[in-house]
Every structure is written in structure tokens, then in C-alpha cells.
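Coordinates in review
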Amino acid sequence: MKTLYSKFVITTMLVMIGSLCIGFLATNTYYHQVVKEKNDAKNVNIAREIASYIETTKPEDLDKYFTTLGGIGYQIYVTDGDEGQFFGGEYRDKSMSSKVVDRVIGGEIYHGMREFPKETFVTGFFANELINTIGVPFTIENKHYALFLRPDIRLLFSEVHTILAGLILVMTILSLLAMLLFAKALIRPITKLTEATHQLAHEKFDTLLNIDRADEIGQLAISFNVMTEKLQENDRMRKEFISNVSHDFQSPLLNIQGYIDLLKNPSLTEQERQEYTMIIELETKRLSTLTKQLLLLTSLDQSTRLLKREPYRLDEQLRETVSKYRWQLEEANMQLTYQLVPLIYSGDAGLLQNVWDNLLTNAIKYNVENGEIHIRLLEQSTYVEVLIEDSGLGITADQLQQVFDRFYRVDASRTKQGTGLGLAIVKQIVELHEGSVQMESVIHSGTKVFIRLPKL
Ligand code: ADP
């Protein structure tokens, strides 16, 4: 596997080598186009000035003069065509065609620096060869000579040049090292992130990332931690849900099994037999309701579930719901009043029926003997509001916080038939309609549930 780090290092190296090549080619072009010509002209001028000075100097002083010139940084070759003498730094390659020498002695100027046969590279500037010189003629005591010279590059490379070269070298090494360290520092949190992701994949949700940075990686770490916490919460809820479901299935099944065993006893009285059968019937109903509610919740959980919205008479749906429960109301001697404005609402009638069923059965279940229930349907400019109010047991503010949680039931002893899923279903259906549920309750006094559904 090619790691991000090795990729970064290789890319940095390639960029450095690439820029070095481009820089070299650019300076080379500049040398050939501009510097070479100027350099040649400059050295021709110097050579000429030396030549004209020589012609005015005494011949016995010439050696000293050339030696001094050699000392200050010129490589010199003086020849009369037959014999020659070198001064200053030594040439690596001393070969020179006699034709060139003859031509210079004959009065021509030799532009060896300009013509030096290296087309692509600046290396011509450094080539320590006799042919890489400027040649000028001079005459002493009617004898013609040729003077070839070039600046001694080794001498010209002064301390400043060495310092500059050192500076560039140190800069290159330091920036390379800094880049490598920076890359390591940059990649370390990504490695941590990868490890944490592996842990998550193995359902270990307690690995929070400890990356304290203000940049994009820091942001990523924060988002990762938020995601981990959510997954942890989801996992907790999932486990709790499974344990609740198992428990809520297990206890009625145990009851049913127990009462069936009792029923097997032939010495039971008719009254006992009826009592046990009724309990079995109730527990079976409870199981059936639980299964239906769980199926409904699962289908509501599917985020892709689409509402089957259709315009229908909401007031009539509420009226029909009331008449469905009339016998239960009468049995408990409860008073139910309603105030319903005729209203057409565009919603999923099948799902909303679940909302009214759950709220009305709660208002009956958690009511008192001779209690009252009031239902009101109002139309506002942007929404419709259904209020279901009862004068029943009521709940405390603390309990109110939790009633919409799945499986939450205030009555711990579970004397009332229920699953703790009803209000969770109500909330989910109302929210699917982009509406809201609000519950107000006063203990021992009564409860109000407001459902607001926005008009489309
Ligand atoms: P359940 O199936 O137990 O009725 P719900 O989700 O419908 O489940 O309600 C959750 C809990 O909220 C109930 O157990 C009950 O204690 C409380 N509750 C719901 N509606 C009312 C109400 N109208 N009056 C008093 N308590 C209520």
C-alpha cells in the first residue's frame, strides 16, 4: 500500500527535482540568449585594453605584467605562433588549432567564448579550455603575437559565492526536513482517524478522537466524534428497544402459559374458568396490539415512507372515532363533548386515524370514574388544531418529559393495559405531516394534548 506519507514525500521530491530542471533550463536559455554575448563583448574589451597597454610597455616588464594579471584572476596564453607561454591558472585542455592562432596573429579577434560548442548547457561558461577564450593580436618591436585570455572561474568564485551556495544548500535541506516533519504531523491525525473508524466498524463506540486542531482535520475530528456519540446513542436505544420488546412479549406469554396450566385443572369453578379465560383473552389482545404497533413504528421509521395525502373531512373522522369508543365511554360513565368545525384537511387519513385512536383511548384509560373528555377542532390561517382534553389522572412535569419515548409508561405497576408505544407513534405520524404535538398535564386534574397540522 502506498501511504499518504510516502506519496507526499515522493511528490515533494519530484516537485523539487522538476523545479530544479526547469530553473536550470531557464537560466541556461538566459545565458545563451543574453549573458554569453555580453560576456564575450566584455572580455574582448578587456583583452583589447590589455593588448594596447602591452604595446606601450617595455618588453622586459611583460612577464611581470602577465604574472600579475594571472594573479588577479585571468588565465593567459601568449604566443608568436611558434612558442607560447601560459600565465595564471592552468587550462585543463591546452589544445588550440594553429589556424586560429595564425588568424589572431594576422589581426583577427577570436571569439572562442561566444562560439564555444555547447549549445544547451551553461557549462560552456565553466569549461576550462584554451579554445574557450578571447584572442586578440598585439605587436611588440614589430613582432606580432596573439594573446588568449579568459577569467579564471575558480578565482572568481569568491567567498560571497560560496556563502550563497551554502545558503541555498542549507535552505534546501532545511525546507526538505521541515516538509517531511510537517507531512508527518499532518498525516498523524488521519492515521488516528483511520484507527478510530476501524474501532467503529467493530461496534466499539467508546473511542472518541482526541485531536485538538482548528483546521479542516480538527473539524473532521469534531464531526467524527459527534457521529460516534450519535451511533453510541443509537446503539444504546437499539439494545434498550430489543430488551423492552422481549420483555413486553415475554410477560403476556408467561401469563397466558400460566393460566392455560390453571385451566387444565378439572376441579375449577365456572367463575374461575371464565376469569382465567378473560385474562388469556386480554393478554392475547395486548400481544396483538403490541405487534401491530411495532409494525407501524417500523414502517414509520423508514425514512423513504411517503405519506398518502388526500383531502378528506377531518371533523367527520374525529366524529366517527368518538362513536367507535362510545360503548367504552358509557361503561366508564364518562361524559364526552366535542366542538368540531367542518374542515377538509389534506393528509394521510389512515395514519392520522392511529393518532386519534391512541389519544382518545389514553383519555379514556387514564381518566377517572365519571370523568370528562372534550375534543375540539379549530381552523387557523396556517394550520388546523385538534385538542383532546381529559379530566383524568394527569401526570407530573418530569413524567411529561418522557411520555413520547418508546416503551415509556408512567404506571410502573402496569395496572392499565398499554404498551408505552402509543404516544411515540402519535408524535412520529404528526411529525411526518410536519406538524407538532404538545402535551400539558396537571396531576390529579387532567391532561390536554394539542395537535397542530400545517395546511398545505
Ligand atoms: P400506553 O400504551 O401505555 O398508553 P402511551 O405512549 O400512549 O402508552 O402513553 C405513555 C404513558 O403516558 C402512559 O403509560 C401514561 O402513563 C401516560 N399518559 C398518556 N396519555 C395520558 C393521559 N391522557 N393522561 C394521563 N397520562 C397519560
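Residues numbered from 1 in each chain as written. Predicted model: local features only at pLDDT ≥ 70, side-chain atom pairs only at ≥ 80, totals over all residues. Heavy atoms only, no water.

Per an unreviewed UniProt entry, the recorded name for the protein is Heme sensor protein HssS, and the organism is Lysinibacillus pakistanensis. Recorded in UniProt for the protein, the comment headed Subcellular location (unreviewed entry) runs: "Cell membrane". Entered under Catalytic activity (unreviewed entry) in the UniProt record, the comment concerning the protein runs "ATP + protein L-histidine = ADP + protein N-phospho-L-histidine." (UniProt positions renumbered as here; feature names shortened; annotations may be inferred.)

**What to know about the overall build of the protein**
Along its length, the protein carries 14 helices and 12 strands. Scaling as 2.2 N^0.38, a compact globule of 456 residues should have a C-alpha radius of gyration of about 23 Å, whereas the protein reaches 51 Å, well beyond that. The principal-axis extent of the C-alpha atoms belonging to the protein is close to 155 × 55 × 35 Å. By residue count, 36% of the 456 residues in the protein fall in the buried class. Carbon and sulfur atoms provide 58% of the accessible area of the protein, an area that totals close to 27900 Å². Counting 48 positive and 58 negative side-chain charges, the protein places the centres of these two groups 2 Å from one another. (Helix = DSSP H or I, 4+ residues; strand = E, 2+ residues; numbered from the N terminus. Rg over C-alpha atoms; globule rule 2.2 N^0.38 Å. Buried < 20%, exposed > 50% of the residue type's maximum accessible area, 1.4 Å probe, protein only. Areas by Shrake-Rupley, 256 points an atom, 1.4 Å probe, with all protein chains shown as cover. Lys, Arg positive; Asp, Glu negative; His and termini not counted. Charge placed at Lys NZ, Arg CZ, Asp CG, Glu CD.)

**Concerning the pattern of salt bridges**
This structure, assessed with the given rule, holds 22 salt bridges. Residue arginine 376 pairs with glutamate 385 through a salt bridge whose shortest N-O separation is 2.9 Å. A relative accessible area of 21% means that arginine 376 is categorised as partly exposed. On the basis of relative accessibility, which here comes to 5%, the residue glutamate 385 falls in the buried class. The network of salt bridges with shared partners includes Arg313, Asp315, Glu316 and Arg319. (Salt bridge = Lys/Arg side-chain N within 4 Å of Asp/Glu carboxyl O.)

**Considering the UniProt feature "domain: HAMP" (unreviewed entry) in the protein**
Mapped onto this numbering, the UniProt entry annotates "domain: HAMP" (unreviewed entry) at residues 184–236. Helix makes up 74% of residues 184–236 and strand 0%, whereas the separation of the span's terminal C-alpha atoms amounts to 37 Å.

**Quick notes on a nonpolar patch on the surface**
Side chains of Leu169, Val170, Ile173, Leu174 and Leu177 sit close together on the surface and give an oily, nonpolar patch of about 480 Å² of accessible area. Position of valine 170 relative to the elements: it lies in helix 7 (residues 159–201). Note on valine 170: relative accessible area 47%, which makes it partly exposed. (Patch = residues over 30% accessible without salt bridge, like charges linked within 9 Å, V, L, I, M, F, W, Y side chains within 5 Å.)

**Remarks on the site of the ligand**
The local shell around the ligand holds 17 residues, among which Asn362, Tyr366, Asp390, Thr419 and Leu423 are the closest. Between the ligand and the protein, one listed contact pairs an oxygen atom with a side-chain N or O atom of asparagine 362 at 2.9 Å. Between an oxygen atom of the ligand and a main-chain N or O atom of valine 410, the distance comes to 3.3 Å. In isolation the ligand has 520 Å² of accessible area, and contact with the protein removes 96% of it. For the shell around the ligand, the secondary structure elements donating two or more residues are helix 12 (349–365) and helix 14 (422–432). (Near = heavy atom within 4 Å. Polar contact = N/O pair within 3.5 Å; in protein donor to acceptor, adjacent residues only side chain to side chain.)

**Examining the UniProt feature "transmembrane region" (unreviewed entry) in the protein**
On the UniProt side, "transmembrane region" (unreviewed entry) is annotated at positions that read residues 6–26 and 160–183 here. For the annotated span residues 6–26, helix accounts for 100% and strand for 0% of the residues, and the straight-line distance between the end C-alpha atoms is 30 Å. Between the C-alpha atoms that bound residues 160–183 the distance is 34 Å, and the span itself is 100% helix and 0% strand.

**Topic: helix 2 (residues 62–71)**
Of all the residues in helix 2, the buried ones are Leu62, Phe66, Leu69 and Gly70. Along the axis of helix 2, the buried positions cluster into a sector of 100°, meaning they face one direction only. Residues of helix 2 that are exposed and point more than 90 degrees away from the buried face comprise Lys64 and Gly71. Of the residues trailing helix 2, glycine 73 is marked for its positive phi of about 125°. (Arc of directions from axis to C-beta.)

**Description of unusual backbone geometry**
A positive phi is found at asparagine 333, a non-glycine position, where the angle reads about 60°. Here asparagine 333 is to be found in the loop between helix 11 (326–331) and strand 7 (335–340). A residue is classified by how much of its surface remains accessible, and asparagine 333, at 49% relative accessible area, is partly exposed. Phi is positive for glutamate 434, which is not a glycine, with a value near 60°. Along the chain, glutamate 434 falls in the loop between helix 14 and strand 11 (436–442).

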